Amino acid sequence: MYAIVRAGGRQEKVAEGDVLTVDKLDAEVGSTVTFPALLVVDGGNVVSKQADLASYEVTAEILGAVKGPKIHIMHYRNKTGYKRRMGHRQPYTEVKITGIKAGK
(Lines give C-alpha, C1' and ligand atoms only; values in the text may rest on other atoms or scores of the structure.)
Protein backbone atom coordinates (compact mmCIF):
# COMPACT_ATOMS: atom_id res chain seq x y z
CA MET A 1 0.00 0.00 0.00
CA TYR A 2 1.27 3.45 -0.88
CA ALA A 3 -0.11 6.96 -1.10
CA ILE A 4 0.63 10.22 -2.85
CA VAL A 5 0.59 13.04 -0.29
CA ARG A 6 1.02 16.80 -0.39
CA ALA A 7 3.99 17.77 1.76
CA GLY A 8 5.43 21.25 1.72
CA GLY A 9 4.05 22.34 -1.65
CA ARG A 10 5.24 19.16 -3.38
CA GLN A 11 3.72 15.74 -3.95
CA GLU A 12 5.55 12.73 -2.55
CA LYS A 13 4.99 8.99 -2.98
CA VAL A 14 5.11 7.38 0.47
CA ALA A 15 4.67 3.95 2.00
CA GLU A 16 4.64 2.91 5.64
CA GLY A 17 8.15 3.06 7.10
CA ASP A 18 9.54 5.50 4.52
CA VAL A 19 11.75 8.37 5.70
CA LEU A 20 11.46 11.55 3.66
CA THR A 21 12.61 15.13 3.80
CA VAL A 22 9.97 17.87 3.61
CA ASP A 23 10.06 21.65 3.95
CA LYS A 24 10.59 22.88 7.50
CA LEU A 25 7.69 22.15 9.87
CA ASP A 26 7.14 23.99 13.14
CA ALA A 27 6.75 20.96 15.39
CA GLU A 28 8.86 19.24 18.01
CA VAL A 29 10.90 16.07 17.51
CA GLY A 30 8.82 12.98 18.25
CA SER A 31 5.46 14.63 17.59
CA THR A 32 3.05 13.36 14.95
CA VAL A 33 1.82 15.19 11.86
CA THR A 34 -0.76 14.24 9.26
CA PHE A 35 -0.53 14.82 5.53
CA PRO A 36 -3.50 15.09 3.14
CA ALA A 37 -3.73 12.11 0.77
CA LEU A 38 -4.18 12.83 -2.94
CA LEU A 39 -4.17 9.19 -4.12
CA VAL A 40 -4.11 5.84 -2.31
CA VAL A 41 -3.17 2.54 -3.98
CA ASP A 42 -3.85 -0.69 -2.07
CA GLY A 43 -2.95 -3.61 -4.30
CA GLY A 44 -5.34 -3.36 -7.25
CA ASN A 45 -7.65 -0.90 -5.48
CA VAL A 46 -7.01 2.75 -6.42
CA VAL A 47 -8.76 5.52 -4.47
CA SER A 48 -8.71 8.94 -6.13
CA LYS A 49 -12.14 10.49 -5.47
CA GLN A 50 -12.02 13.46 -3.12
CA ALA A 51 -14.97 12.19 -1.05
CA ASP A 52 -13.31 8.80 -0.50
CA LEU A 53 -9.88 10.30 0.24
CA ALA A 54 -11.33 12.38 3.08
CA SER A 55 -11.51 9.20 5.17
CA TYR A 56 -7.81 8.32 4.66
CA GLU A 57 -5.15 9.56 7.05
CA VAL A 58 -1.38 9.50 6.46
CA THR A 59 0.50 10.00 9.73
CA ALA A 60 4.19 10.67 10.22
CA GLU A 61 6.58 11.10 13.13
CA ILE A 62 9.08 13.95 13.13
CA LEU A 63 12.67 12.68 13.37
CA GLY A 64 14.50 16.01 13.37
CA ALA A 65 15.74 19.03 11.47
CA VAL A 66 18.23 18.70 8.61
CA LYS A 67 19.79 21.13 6.16
CA GLY A 68 20.00 20.89 2.40
CA PRO A 69 23.18 21.21 0.35
CA LYS A 70 25.19 24.42 0.44
CA ILE A 71 24.40 26.75 -2.45
CA HIS A 72 27.04 29.31 -3.42
CA ILE A 73 25.87 32.63 -4.83
CA MET A 74 28.37 34.95 -6.50
CA HIS A 75 27.61 38.48 -7.73
CA TYR A 76 30.23 40.08 -9.98
CA ARG A 77 30.33 43.18 -12.16
CA ASN A 78 33.10 43.51 -14.67
CA LYS A 79 35.60 46.45 -14.44
CA THR A 80 34.00 48.00 -11.32
CA GLY A 81 35.65 46.06 -8.50
CA TYR A 82 32.26 44.79 -7.31
CA LYS A 83 31.99 41.20 -6.15
CA ARG A 84 29.91 39.63 -3.40
CA ARG A 85 29.81 36.03 -2.26
CA MET A 86 26.95 34.50 -0.29
CA GLY A 87 25.87 31.02 0.69
CA HIS A 88 22.57 29.40 1.63
CA ARG A 89 21.42 26.11 3.16
CA GLN A 90 17.69 25.42 3.09
CA PRO A 91 16.23 24.03 6.36
CA TYR A 92 14.22 20.81 6.07
CA THR A 93 12.45 18.42 8.44
CA GLU A 94 12.96 14.68 8.28
CA VAL A 95 9.81 12.60 8.89
CA LYS A 96 9.06 8.88 9.06
CA ILE A 97 5.71 7.64 7.77
CA THR A 98 4.05 5.62 10.54
CA GLY A 99 0.76 4.69 8.92
CA ILE A 100 -1.71 4.98 6.06
CA LYS A 101 -5.15 4.25 7.47
CA ALA A 102 -8.73 4.47 6.35
CA GLY A 103 -10.08 6.29 9.38
CA LYS A 104 -13.44 8.03 9.92
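Quick caveat, the model's predicted, so the values are computed rather than measured. Each residue is numbered by its place in its chain's sequence as written, counting from 1. Owing to the predicted nature of the model, reporting of local features is limited to residues with pLDDT of at least 70; listing and counting of side-chain atom pairs is limited to 80 or more, with chain, interface and lining totals taken over all residues. Excluding hydrogens and water, the side-chain values take into account all heavy atoms of the structure.

Structural notes on the pattern of salt bridges
Where charged atoms of side chains with opposite charge meet at close range, the side chains can pair. The salt bridge criterion pairs a side-chain nitrogen of Lys or Arg with a carboxyl oxygen of Asp or Glu, the two atoms within 4 Å. Evaluated as defined, the whole model comprises 2 salt bridges. Here R10 ties to E12 by a salt bridge, and the two come within 3.5 Å at their closest N and O atoms. D23 is the salt-bridge partner of R10, the closest N and O atoms lying 3.4 Å from each other. Residue R10 is located in strand 2 (residues 10–15), and its partner D23 is located in strand 3 (residues 19–23); the two are separated by 13 residues in the primary sequence. A relative accessible area of 34% means that R10 is categorised as partly exposed. By definition, any uninterrupted DSSP run of H or I lasting at least four residues is a helix, any uninterrupted run of E lasting at least two residues is a strand, and each is numbered from the N terminus. For each residue, the accessible area found with a 1.4 Å probe, counting protein chains only, is set against the maximum for its type, and the residue is called buried under 20%, exposed over 50%, and partly exposed in between.

Details of the environment of L25
The topology assignment puts L25 in the loop between strand 3 and strand 4 (32–35). The class of L25 is partly exposed, set by a relative accessible area of 29%. Along the backbone, L25 and V47 are 22 residues apart, and their C-alpha atoms lie at a distance of 27 Å. Note on contacts: a residue pair is in contact if any heavy atoms of the two residues lie within 4.5 Å. When neighbours within four sequence positions are excluded, L25 is seen to be in contact with V33, I62, T93 and V95.

Some remarks on the nonpolar core
Put simply, a nonpolar core is a bunch of buried Ala, Val, Leu, Ile, Met, Phe, Trp, Tyr and Cys residues held in one set by side-chain atoms that sit within 4.5 Å of each other. Counting residues in each nonpolar core, the largest one holds 19 residues, and the members touching the most others are A3, V14, F35, V40, V58 and V95. Among the secondary structure elements, those contributing two or more residues to this core are strand 1 (2–7), strand 3, strand 4, strand 5 (37–42), strand 7 (56–67) and strand 10 (91–102). Here this core takes 4 residues from strand 7, the largest share from any one element. Contact partners of A3, with chain neighbours within four places excluded, come to E12, K13, V14, L39, V40, V58 and I100.

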